[in-house]
Amino acid sequence: MRWVSYRSADGSTRCGVVHDNTIHALGTDLLELLRAEGGLEAAATREPTEIVELATAHLLAPIPVPPAVRDFAAFERHISNAGKAAVGDGTVSPVWYEYPLFFFSNPAAIKGPHDEIPIAPGAQDWDYEVEVAAVVAGDCSNLDAATAEKHIAGYLVYCDWSARDISASEMGFVYGPSKSKDASTSLGPFLVTPDELEPYRSGKGYALRMDGYVNDEHYGGGSWDEIHWSFGEMLAHASRGTTLRAGDILASGPVGTGCIQELSDHRPYLAPGDTVRIDVQELGAISARITAPEPLTLAPPLTRR
C-alpha cells in the first residue's frame, strides 16, 4: 500500500490509500491510524470518507509532526567522501563500524514533499541529502536486529536540509549538529509499506536507485543496497533502553554522492531560485524550490555575574 497525507478542502489534515491515481481518504491522520488497533492494515479496509484526485491534492508530509526524528549515517561511501571533502582524508573512523550512529532532528521542522525550502538564517553553504527513512509502526523497546524490521510501517523519501558552514563549526565540539540541521526536513510523498519493496530486497537494503537533481541536472546518488547498517540494526540500536513510538522517523543518512558536500570541489551549494529533486525508486520524489533565508536574529550575549 501507498499512503499519503493531504490538506482537505475544509483545511483539515487527512490521510488515505492511493489507488491508481486517486486517494481513498479517511477522516483522520496517519499517526492516529498507526496508534489504533490493527494499524494501517485494518484501516485500509474502511470505507473512504472521500475520493480525491492525487494530481490535484495538496500533499503534506505523510507524518506531518512525528513524535521523534533520528537521522543515522548508514552509508559508508558517504562517510568516506564527506571526510575527504572536509579534511582531505577519506578514512572512516573505527567507531563508525561499532554501532549505527545518529542524531536527533527537529519534529517541528517537517516539510511536505513539494514545499518551498528557505535557506537557514545565517547559512552560506546550503545542501540537500538523498535519504530514505523508516516509520515505526507501534511502540516498541529493546528490539533484536534480526526481527526489528517487522516494526516498520513503511518507508519514505527523506531530505535533511543542511547548513554545511554552520555544521563545520558545530561538529568541532562534542555535541554534534544542532542549528545546522534544525531548519527543514522534507518527507514524502508516500509512505510505502514494506511488502511493496520486497521484490527488490538486496543485501541489507533494496536494489533501488536514490538520486539527487539540481535544476533538473543529475548531481549524484547510488543504490539503497549499498547501505552498511540495515534498518533492522538501526531500529535495534535506537530502541535499546528506551521506547520507540508509533510514527517515529528513522532516516538512513545520505547515500554516497547524495549531497553537494561530497561534490563541492566541482558543484556549488544551493542558492535562492534553485530547484532540487530527491528521487528514490518506488518511493517517489521530493521536489523543492529554494528560497532566500529570513534575516538572522542573534540573541544578546550572555554576561557573567
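Note that the coordinates shown come from a computational prediction; the quantities given were computed from them, not determined experimentally.

**Quick notes on the overall build of the protein**
- Helix and strand counts for the protein come out as six helices and 23 strands.
- A compact globule built from 305 residues would reach a C-alpha radius of gyration of about 19 Å, and the protein, at 19 Å, matches this within 12%.
- Dimensions of the protein along its principal axes, counting C-alpha atoms only, are 55 × 50 × 45 Å.
- The 305 residues of the protein split such that 51% are buried.
- Residue pairs at least 24 apart in sequence account for 73% of intrachain contacts in the protein once pairs closer than 6 positions are excluded.
- For the protein, the exposed area adds up to about 14,100 Å²; of that, 51% sits on carbon and sulfur atoms.
- A distance of 6 Å separates the average location of the 23 positive side-chain charges in the protein from that of its 42 negative side-chain charges.

**Notes on the environment of A86**
- Within the fold, A86 resides in helix α3 (residues 76-87).
- Along the backbone, A86 and W3 are 83 residues apart, and their C-alpha atoms lie at a distance of 39 Å.

**Here's the deal with the packing of aromatic side chains**
- Using the criterion set out here, one finds nine aromatic pairs in the structure.
- Measuring from centroid to centroid gives 6.0 Å for Y155 and Y206, while their planes differ by 70°, and the two rings are edge-to-face. Of this pair, Y155 sits in strand β13 (residues 152-160) while Y206 sits in strand β17 (residues 205-206), and the two are 51 residues apart along the sequence.
- Taking the relative accessible area as the measure of exposure, Y155 reaches 1% and is therefore buried.
- Ring geometry for Y155 against W224: centres 5.2 Å apart, planes inclined by 80°, an arrangement best described as edge-to-face. You can see Y155 sitting in strand β13 and its partner W224 sitting in the loop between β19 (217-223) and α6 (231-239), a full 69 residues away along the chain.
- The ring of F190 carries R2 above its face, with NZ or CZ at 5.7 Å from the centroid.
- Cation over ring: R277 sits above Y213, and NZ or CZ is 4.0 Å from the ring centre.

Rules and cut-offs
Residues numbered from 1 in each chain as written. Predicted model: local features only at pLDDT ≥ 70, side-chain atom pairs only at ≥ 80, totals over all residues. Heavy atoms only, no water. Helix = DSSP H or I, 4+ residues; strand = E, 2+ residues; numbered from the N terminus. Rg over C-alpha atoms; globule rule 2.2 N^0.38 Å. Buried < 20%, exposed > 50% of the residue type's maximum accessible area, 1.4 Å probe, protein only. Contact = heavy atoms within 4.5 Å. Areas by Shrake-Rupley, 256 points an atom, 1.4 Å probe, with all protein chains shown as cover. Lys, Arg positive; Asp, Glu negative; His and termini not counted. Charge placed at Lys NZ, Arg CZ, Asp CG, Glu CD. Phe/Tyr/Trp six-rings, centres within 6.5 Å; stacked < 30°, edge-to-face > 60°. Lys NZ or Arg CZ within 6 Å of the ring centre and 35° of its normal.

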